[in-house]
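Observations on chain architecture
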Amino acid sequence: MAAMHFALVRCCQLHPWLGGGFGMFSTVDERRLLAWRIGPEGEEPLALPYELEDAAERAEALPGERRLRAIAAALAADLPGAQAVRVEVWETRFGPEMEREPHRLRAALVGVPPAGS
Amino acid sequence: MLLAPIGSWLVRPAVLVLSVAGLLAAGWAASPRFWAALSALAALRVALDWPMSDNHGYLLAIWCAALAVAFADPRPRARLAQHARLLIGLAFALATLQKVWAPDYLDGTFFRWAFAVDPRFEDLGALLGRGEEALERTRLWLTAPPHEPLPPDAAFVETPALRAAAHGFGWATVLLEGVVALAFLAPSALGPGRLRDAALLVFCAATYAIAPVAGFGWLLLAMGVAQCESARRRLLYLAVFALVVIYREVPWLALLGGRWP
């Protein structure tokens, strides 16, 4: 179990607090899933609907490509006029003076199906 | 499992029914099948929650499996004590290593962040001089979405006492967890092995006063009492178990700081 935890942390960015490795309270826990609508006019942030909150939490904990694509596809299903949806998981770390150091862990891009298809 | 029921609607009713049956039905609590069933339910809970389950969810499933194996053994008490020592030792060794390896633990960053963001440390923060407005500004700084400009009020505000406490808590926790790991993994005859009960009791009495994760505390104490050889020390385990209940129910840090909830 511990071996699986460390392997998943290393290969797949599993949150160090989770997965049975007893890493809780060992590192800052500041991850966030962001979604973007991409259209001819540019990009704009998308608010996550309530029904995707649980999936978003799981994607923040273990940001696998499939999880992110599933969330992007769910968002893309109801976005008339958009070309694509991008979903990203970000992690913020903090420097010695608690300065913010956000970085992107993973992203997935899903095209929006044309209207009527 | 009755005081801190686990799982969603799918698992929880079965766990509660089995737990009550284990208390009431003669012989069930010493039945390998009973503990195997509880272990399966606890493991199912972890699988259904994947990857969100707390670490004590895994430990609970393994501990129930250890109870099942022990009760199938001709010498259940000795086998159970052996399992408890190994599990506590390994869990604390992992917890210690994770903290030592983490890039932001020993330098105090983790607790500087946690004191502001985790509501369980709110009372401690107030006691060490960070007022509500300063806490709000600090939370804005720490939790603002990475793609948005920071709100104008956002700032990391802390007192010297909080900064010192962040370092102190970090080192004290990692040292205490290391001592528990060493005591439980060392042979009984060696010096550290004789410190087992004292180390675990001090850890539970101190840690859960500040971070009241009662379910984890009770599980550790149940495992601790299973390996304890002294009747007097078993009473101490019971006392600390009750203390963890008090920590959970009474916001003593808020009261100490003159903040009536």
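Rules used in this analysis
Residues numbered from 1 in each chain as written. Chains lettered and ligands numbered in written order. Predicted model: local features only at pLDDT ≥ 70, side-chain atom pairs only at ≥ 80, totals over all residues. Heavy atoms only, no water. Phe/Tyr/Trp six-rings, centres within 6.5 Å; stacked < 30°, edge-to-face > 60°. Helix = DSSP H or I, 4+ residues; strand = E, 2+ residues; numbered from the N terminus. Buried < 20%, exposed > 50% of the residue type's maximum accessible area, 1.4 Å probe, protein only. Lys NZ or Arg CZ within 6 Å of the ring centre and 35° of its normal. Polar contact = N/O pair within 3.5 Å; in protein donor to acceptor, adjacent residues only side chain to side chain. Contact = heavy atoms within 4.5 Å. Patch = residues over 30% accessible without salt bridge, like charges linked within 9 Å, V, L, I, M, F, W, Y side chains within 5 Å. Areas by Shrake-Rupley, 256 points an atom, 1.4 Å probe, with all protein chains shown as cover. Salt bridge = Lys/Arg side-chain N within 4 Å of Asp/Glu carboxyl O. Buried area = accessible area lost by both parts, 1.4 Å probe. Axes fitted to C-alpha atoms, helices over the stretch in contact; angles between N-to-C directions. Left-handed = near helix turned anticlockwise from the far one by under 90°. Nonpolar A, V, L, I, M, F, W, Y, C, P; charged D, E, K, R; others polar. Disulfide = S-S within 2.5 Å.

**Some words on the packing of aromatic side chains**
Counting across every chain of the model gives 19 aromatic pairs over all chains. Taking the centre distance of 6.3 Å and the plane angle of 80° together, the rings of phenylalanine 25 of chain A and phenylalanine 110 of chain B count as edge-to-face. You can see phenylalanine 25 of chain A sitting in the loop between helix H1 (2-12) and strand S1 (31-39) and its partner phenylalanine 110 of chain B sitting in helix H5 (residues 109-117), one on each of two chains. Comparing phenylalanine 25 of chain A with phenylalanine 110 of chain B shows no difference in burial state: the two are buried. Taking 6.0 Å as the distance between ring centres and 80° as the angle between the ring planes, the aromatic pair formed by phenylalanine 111 of chain B and phenylalanine 121 of chain B counts as edge-to-face. Of the two residues, phenylalanine 111 of chain B sits in helix H5 while phenylalanine 121 of chain B sits in the loop between H5 and helix H6 (122-127), which places them 10 residues apart along the sequence. Residue phenylalanine 111 of chain B shares its accessibility class with phenylalanine 121 of chain B, and that shared class is buried. A connected cluster of aromatic rings, assembled from ring pairs, spans Trp17 and Phe25 of chain A together with Tyr105, Phe110, Phe111, Trp113, Phe115, Phe121 and Phe169 of chain B. Its guanidinium or amino end placed over the ring of tyrosine 105 of chain B, lysine 99 of chain B lies 5.9 Å from that ring's centre, counting from NZ or CZ.

**Considerations on the side chain of arginine 93 of chain A**
With respect to the secondary-structure elements, arginine 93 of chain A resides in strand S3 (residues 84-94). Looking at arginine 93 of chain A, its side chain comes within polar contact range of the side chain of aspartate 104 of chain B, at 2.7 Å. Here arginine 93 of chain A is in contact with Thr27, Val28, Glu99, Arg100, Glu101 and His103 of chain A together with Pro103 and Asp104 of chain B, once residues within four sequence places are set aside.

**Description of a nonpolar patch on the surface**
Residue and element names in this part refer to chain B. A cluster of nonpolar side chains, namely Leu127, Ile246, Val250, Trp252, Leu255 and Leu256, defines an oily patch on the protein surface of about 490 Å² accessible area. For the nonpolar patch, the leading source of residues is helix H12 (residues 252-256), giving three residues. Looking at where tryptophan 252 falls in the secondary structure, it is placed in helix H12. Using a relative accessible area of 32% as the deciding quantity, one classes tryptophan 252 as partly exposed.

**Some points on the interface of chain A and chain B**
With 40 residues of chain A in contact, the opposing surface of chain B contributes 39 residues. In total, chain A and chain B occlude about 3,500 Å² of area from one another, counting both sides; carbon and sulfur atoms represent 65% of this. Contact with chain B buries surface across chain A, with Phe22, Phe25 and Met98 of chain A losing the most and accounting together for 23% of the total. Counting every contact that joins chain A to chain B gives two salt bridges.

**Examining the packing of helix H4 (residues 76-101) of chain B against helix H8 (residues 160-185) of chain B**
Residues and elements named next belong to chain B. With their axes 8 Å apart at the nearest point, H4 and H8 run at an angle of 145° to one another. Where H4 crosses over H8, the handedness of that crossing is left-handed. Contact residues: H4 offers Arg85, Leu86, Ile88, Gly89, Leu90, Phe92, Ala93, Ala95, Thr96, Lys99 and Val100, while H8 offers Thr173, Val174, Glu177, Gly178, Val180, Ala181, Phe184 and Leu185. Among the residues making up the contact of H4 with H8, the classes are represented as 12 nonpolar, four polar and three charged.

**Overview of the state of the cysteines**
Evaluated as defined, the whole model comprises one disulfide over all chains. In this model, cysteine 11 of chain A is linked to cysteine 12 of chain A through a disulfide, with the two sulfur atoms separated by 2.4 Å. Sign of the S-S torsion, about -75° for the bond between cysteine 11 of chain A and cysteine 12 of chain A, identifies this disulfide as left-handed. With no disulfide of its own, cysteine 64 of chain B lies 18 Å from the sulfur of cysteine 204 of chain B, the closest cysteine sulfur.

**A closer look at the pattern of salt bridges**
What the rule picks out here adds up to 20 salt bridges over all chains. A salt bridge links glutamate 41 of chain A to arginine 37 of chain A, with the shortest nitrogen-to-oxygen separation between them at 2.7 Å. In this structure, glutamate 122 of chain B engages arginine 139 of chain B in a salt bridge whose closest nitrogen and oxygen atoms are separated by 2.8 Å. Here arginine 139 of chain B lies in helix H7 (residues 132-143) and glutamate 122 of chain B lies in helix H6, a separation of 17 residues in the sequence.

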